[in-house]
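Topology and contacts: notes
In case you want the letters, here they are:
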Amino acid sequence: MPKTIAEEKETKETSRFQWIVFVIFIPLLFAITIALIVMTVAGINVFEKAQSVPFISKVLPSASEEGKEQLESRIVSLQTSIEDKEAQISQLRSEIDGREKDNEKLQATIEQQKLELEELRQIGEENKRAFKEVVSTFESMSAKSAAPVLMKMEEQEALKILSSIKPDDLADILEKMPPEDAARYTGLLAADES
């Protein structure tokens, strides 16, 4: 089938349009894009420079004075807000530092009290050992020798020693004491047990 003249004309117009798009329009867009990228990397603000060209300044929107004032006031308020937040941050940091110092002091106090408690525990153990040695000494002494020594001691100390002595040795010691002293110590021992 032969092509008609209308179809040939339409094909030629379409091919001319395609030629314009492919040869002129697409490379032009590509060149503009590359130029914008290069200028942006170089630090040139193309849109600001375009404002100075009379024809382009009418096409591109320019920032009005009112818009600039709003932006400046917004910037000032944001800077004030940033300064307030920085002040709050520094205040919180100083509070944290103070609490850390307090915590360190408390930890040092706790360690010191642990050491003191350990020393007291050791002293208590030594006192118990010494007291057991005293008790064993009185148990090893004859009742005739132990009774006068206990009567010359303070009453509380003597009572403590007597309450720790074995019952057989205690009976011998109380037997060698004068009856009034033996009765008094027996009464104190009975009251101490109850």
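One structure accompanies this document, and this report is about it. (Residues numbered from 1 in each chain as written. Predicted model: local features only at pLDDT ≥ 70, side-chain atom pairs only at ≥ 80, totals over all residues. Heavy atoms only, no water.)

1. A few points about the pattern of salt bridges
- Scanning the entire structure with this criterion turns up four salt bridges.
- The shortest N-O distance in the salt bridge between Arg-121 and Glu-118 comes to 2.2 Å. Note that Arg-121 and Glu-118 are positioned in helix 4 (residues 65-140) at a spacing of three residues, about one turn of the helix.
- Judged by relative accessible area, Glu-118 falls into the partly exposed class, the value being 32%.
- Of the charged contacts in the structure, one is a salt bridge between Arg-184 and Glu-155, with a shortest N-O distance of 2.5 Å. Highlighted residues: Arg-184 in helix 8 (residues 179-193) and Glu-155 in helix 6 (residues 155-164), separated in sequence by 29 residues.
- We classify Arg-184 as partly exposed; its relative accessible area is 36%.
- For Glu-155, a relative accessible area of 33% translates into the label partly exposed. (Salt bridge = Lys/Arg side-chain N within 4 Å of Asp/Glu carboxyl O. Helix = DSSP H or I, 4+ residues; strand = E, 2+ residues; numbered from the N terminus. Buried < 20%, exposed > 50% of the residue type's maximum accessible area, 1.4 Å probe, protein only.)

2. Topic: helix 8
- When the terminal C-alpha atoms of helix 8 are compared, their 21 Å separation across 15 residues agrees well with the 21 Å that a helix rising 1.5 Å per residue should span.
- Of the positions making up helix 8, those classed as buried are Asp-181, Ala-182, Tyr-185 and Leu-189. One face of helix 8 carries all of its buried residues, which in axial projection span an arc of 95°. Opposite its buried face, helix 8 presents the exposed residues Pro-179, Glu-180 and Ala-191, each directed more than 90 degrees away.
- Buried residues along helix 8 sit in contact with helix 5 (143-152), helix 6 and helix 7 (167-176). (Expected span 1.5 Å × (residues − 1). Arc of directions from axis to C-beta. Contact = heavy atoms within 4.5 Å.)

3. Here we look at a nonpolar patch on the surface
- A surface patch of nonpolar side chains, about 800 Å² in accessible area, is lined by Trp-19, Ile-20, Phe-22, Val-23, Ile-24, Phe-25, Ile-26 and Leu-29.
- Relative to the assigned elements, Val-23 resides in helix 1 (residues 5-42).
- In this structure Val-23 comes out as partly exposed when scored by relative accessible area, which is 42%. (Patch = residues over 30% accessible without salt bridge, like charges linked within 9 Å, V, L, I, M, F, W, Y side chains within 5 Å. Areas by Shrake-Rupley, 256 points an atom, 1.4 Å probe, with all protein chains shown as cover.)

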